[in-house]
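Below are the chains, spelled out letter by letter.
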Amino acid sequence: MWAIVLLGVLTFLIYRHFKKSLNYWEEKNVQHDRPLPIFGNMLPNLLGKISNAELIQQLYNKYSSGRYFGLYNLGSTSLVIRDPELIKKIAVKEFETFPEHKPFIPSDVDPLWSNNLFAMEGGEKWHQLRSTLSPSFTSSKMKAMFVLMKECTKEFINYFESKGDSVDVELKGAFARFGIDVIATTAFGVTCNSLSDPKNEFYVLGKELMNFKGLRRIILMLNLLCPPIARITRVSFFPEKIKKFFGSLVKETLQLRRERKVVRPDMIHLLMEYQKGNLAQEEDAHSTPEAGFAVVEESVFGKTKQKLKFEVTDDIITSQVMIFFLAGLDTVSTMMSYTIYELALNPDSQNRLRAEIEDALRFSDGKLTYDNLMGMKYLDMVISESMRKWPPFVLIDRRSVRPYTIEPEGPTETPVFLEKHSQVIYPIFAIHRDPKYYPNPDKFDPERFNDENRSSIQPYTYLPFGAGPRNCIGSRFALQEGKLIIAEIVRNFDIVRVKKTQVPIVMSKTNFNPVPDEGIWVGFRRRKEGSILEK
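Residues numbered from 1 in each chain as written. Predicted model: local features only at pLDDT ≥ 70, side-chain atom pairs only at ≥ 80, totals over all residues. Heavy atoms only, no water.

Re the overall build of the protein chain
Along the backbone of the protein chain there are 22 helices and nine strands. By residue count, 59% of the 535 residues in the protein chain fall in the buried class. Within the protein chain, counting contacts between residues at least 6 apart in sequence, those at least 24 apart form 78% of the total. Accessible area of the protein chain: about 23,400 Å², with a carbon and sulfur share of 55%. (Helix = DSSP H or I, 4+ residues; strand = E, 2+ residues; numbered from the N terminus. Buried < 20%, exposed > 50% of the residue type's maximum accessible area, 1.4 Å probe, protein only. Contact = heavy atoms within 4.5 Å. Areas by Shrake-Rupley, 256 points an atom, 1.4 Å probe, with all protein chains shown as cover.)

Listed below in structure tokens is the structure:
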């Protein structure tokens, strides 16, 4: 009986939610594809006919004459911004109007999720937290973590060397394990080896966290279809088992370090220092090499030290390290996977990169250091181009906190009034593959990012880490981690195609991010004469 009543209530809420939105973009005179009830424009993706990235790209190309187009994304409406100047205006100049991501879980349903820097709603609390955390991600702080990352890299290389002279590698899974190890040591202060010990708690819980199948997937999808449902289902983003594990781990770590005065160059130490008022803003760009072209600059919100009106509690710290754990599992591993994949398909680029690495090591007694790693220009070009062709995110979104009107520019445009809580989307994947900005966009060409060409890249057409004050705070961390493991792989292995290597990549129809269902496969062939890994 109660199941029938609940089904009836859910059906009514979904029907009422969708009925209001079907004519939304037509009434605003915004070009769009006609939506279907409930499914909007997403039915081809839901039926497994096309990936999410390709669907958005098709619409992006279809409406190439305008600065934007309307999208019906299941239960919501979004304005997709094609024009780089309009992206700049909304992301930077109008940041205070569009300061947050669209929430898909109410803050009281899952406080651990809602209090991380990514999910937190815009406003003073976000400004203060961003300012609080930004000193933890300067180049000098990342340099201090280099030795921790390097230990994880050694374990990664040793593991695959132990497999013999030749081994086929599924990169996404291997780099997810590597990412877990890096986050475990740099964020939680815990050492683990997820390749040799895949049953360790970090890896097991990481797999569980990324499992969006079954009932959990259905309920979270319903939350997106009709947000009021989230208050009925009360399903959190982080499962209870994972929240308890990491909550207890962080609390125990904090207590141990306070009692024994343990100092370790990791994220928890930096956040503890801020709790005590010992972590100040700093300018280190001149003294410490920058992580690369793709690094996003901290905005005035991150650089301006503010007097905190809320306490940076142990729970706030737990929330931040949890989001970095999630990022290491997925987005950073995607970046590393596609870079190695492209090197397997482009042996000339691989050989040139290897020569650069070996040249750098001749001047440092064969040791890979932070300074010589960040000084490798071609390595930076390779990673920059990989993230151009394969950005970790298909798109990024922003939500308004007050009404806003986009004024017309061309003769066919009319003013577009966006109500409070309207969503805009920056289609990163489609912009990165627009031949207007990147000729022959399907070609892997690191020369796009050489010293001469990078200055001609139009601003806001390269967005691997987002745009505006709400960009990715961990861009330096991700690039340092990626450069380190890629350099070590290239110096120790020849990366080659194998039977399972997909050419071209067939992107998943069910995964939101641009990855294949069958994995990203290459072969590692041990370089017996050229291997110069520090043992």
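Some remarks on the side chain of Ser51
Take Ser51: it is sitting in the loop between α3 (43–46) and α4 (52–62). At 2.8 Å, the side chain of Ser51 and the side chain of Glu54 are in polar contact. The contacts of Ser51, once residues within four sequence positions are left out, are Asn45, Met507, Ser508 and Lys509. (Polar contact = N/O pair within 3.5 Å; in protein donor to acceptor, adjacent residues only side chain to side chain.)

Some words on helix α14 (residues 267–275)
Of all nine residues that make up α14, eight are buried, and the element is covered over most of its length. Looking at α14, one finds that the buried residues are Met267, Ile268, His269, Leu270, Leu271, Met272, Glu273 and Tyr274. The inward-facing, buried residues of α14 contact α7 (124–133), α8 (139–161), α9 (171–186), α13 (240–260), α16 (314–329) and α22 (475–492).

With respect to the nonpolar core
Ranked by size, the top nonpolar core spans 155 residues in total, and within it Phe156, Phe188, Phe202, Ile340, Ile489 and Phe524 carry the most contacts. For Ile340, the residues in contact, after removing those within four places along its chain, are Leu171, Phe175, Ile486, Ile489, Ile495, Val522 and Phe524. (Core = buried A, V, L, I, M, F, W, Y, C linked by side-chain atoms within 4.5 Å.)

Examining the packing of helix α17 (residues 331–345) against helix α18 (residues 347–362)
Running from N to C, α17 and α18 point in directions that differ by 110 degrees, and their axes come no closer than 5 Å. Classified by the interaxial angle, the pair formed by α17 and α18 is roughly perpendicular. Residue-level contacts link Leu343, Ala344 and Leu345 of α17 to Pro347, Ser349, Gln350 and Leu353 of α18. For the contact of α17 with α18, a count of residues per class yields five nonpolar, two polar and no charged. (Axes fitted to C-alpha atoms, helices over the stretch in contact; angles between N-to-C directions. Parallel < 35°, antiparallel > 145°, perpendicular 65-115°, else oblique. Nonpolar A, V, L, I, M, F, W, Y, C, P; charged D, E, K, R; others polar.)

Observations concerning the sheet that holds strand β7 (residues 423–426)
Within the open sheet, the four strands sit side by side as β1-β2-β7-β4. Their pairing is mixed. With one partner strand each, in any of the chains shown, β1 (68–73) and β4 (396–399) form the two edges of the open sheet. In this sheet, adjacent strand axes meet at a mean angle of 30 degrees when their direction is disregarded. Lying over the sheet, helix α5 (residues 84–93) contacts β1, β2 (76–81) and β7, oriented at roughly 130 degrees with respect to β7. (Pairing = 2+ DSSP bridges.)

Digging into the UniProt feature "binding site: heme" (unreviewed entry) in the protein chain
When the UniProt feature table is mapped onto this chain numbering, "binding site: heme" (unreviewed entry) sits at Cys472. If you trace the backbone, Cys472 turns up in the loop between α21 (428–432) and α22. Accessibility expressed as a relative area gives 33% for Cys472, which makes it partly exposed. (UniProt positions renumbered as here; feature names shortened; annotations may be inferred.)

Examining the packing of α9 against α22
Put simply, α9 and α22 touch, their axes get as near as 12 Å, and they point 125 degrees apart. Considering the angle they form, α9 stands oblique to α22. Crossing handedness for the pair α9 and α22: right-handed. Between α9 and α22, the contacting residues are Phe175, Phe178, Gly179, Val182, Ile183 and Thr186 on the first element and Phe477, Glu481, Ile485 and Ile489 on the second. (Left-handed = near helix turned anticlockwise from the far one by under 90°.)

Observations regarding the pairing of strand β3 (residues 166–170)
Alternating positions in β3 separate cleanly, Val167 and Val169 being buried on one face and Ser166, Asp168 and Glu170 remaining unburied on the opposite face. Bridge count between β3 and strand β9 (residues 521–526): five bridges; the pairing is antiparallel. Its bridge partner being in β9, Val167 is matched across the sheet by Phe524.

So, the layout of surface pockets
Volume-wise, the second largest pocket comes out at about 440 Å³. For the second largest pocket, the lining is made up of 23 residues, of which Val295, Val296, Tyr460, Tyr462 and Gly466 are closest to its centre. The class makeup of the residues in the lining of the second largest pocket is 14 nonpolar, six polar and three charged. (1 Å grid on protein atoms, 1.4 Å probe; cavity = no way out; pocket = protein on both sides within 12 Å on 5 of 7 lines; lining within 4 Å. Points joined across faces, edges and corners; volume = space filled by probe spheres on them.)

Regarding the packing of aromatic side chains
On inspection of all chains with the given rule, the structure shows 20 aromatic pairs. Aromatic side chains Tyr159 and Phe160 sit 5.0 Å apart centroid to centroid with 85 degrees between the ring planes, which places their arrangement in the edge-to-face category. Between Phe293 and Tyr462 the ring centres are 5.6 Å apart and the planes differ by 40 degrees, which places this aromatic pair in the tilted class. One end of the pair, Phe293, is in the loop between α14 and α15 (300–303); the other, Tyr462, is in the loop between α21 and α22, with 169 residues separating them in the sequence. Given a relative accessible area of 25%, Phe293 falls into the partly exposed group. Overall, Tyr462 belongs to the buried group, its relative accessible area being 12%. Connected via pairs of aromatic rings, a cluster forms that spans Phe156, Tyr159, Phe160, Phe175, Phe178, Phe493 and Phe524. In this arrangement the basic side chain of Arg433 is found over the ring face of Trp390, its NZ or CZ atom lying 4.6 Å from the centre. (Phe/Tyr/Trp six-rings, centres within 6.5 Å; stacked < 30°, edge-to-face > 60°. Lys NZ or Arg CZ within 6 Å of the ring centre and 35° of its normal.)

Some points on the pairing of β7
What you see with β7 is no split at all: Gln423 and Ile425 on one side and Val424 and Tyr426 on the other are buried throughout. Here four bridges tie β4 to β7, and the two strands are oriented antiparallel to one another. Counterpart to Arg399 in the pairing with β7 is Gln423.

As for α16
With 16 residues, α16 should cover 22 Å at 1.5 Å per step; its first-to-last C-alpha distance of 23 Å lies within 8% of that length. Of all 16 residues that make up α16, 13 are buried, and the element is covered over most of its length. (Expected span 1.5 Å × (residues − 1).)

Structural notes on unusual backbone geometry
That bond from Val503 to Pro504 is cis: its omega, 0 degrees, falls within 30 degrees of zero. Along the polypeptide, Pro504 turns up in the loop between β8 (493–496) and β9. Non-glycine residue Asn440 carries a positive phi angle of around 50 degrees. Assignment of secondary structure puts Asn440 in the loop between α21 and α22. In this structure Asn440 comes out as partly exposed when scored by relative accessible area, which is 49%. Phi at Tyr460 is positive, roughly 70 degrees, even though this residue is not glycine. As for its placement among the helices and strands, Tyr460 is situated in the loop between α21 and α22.

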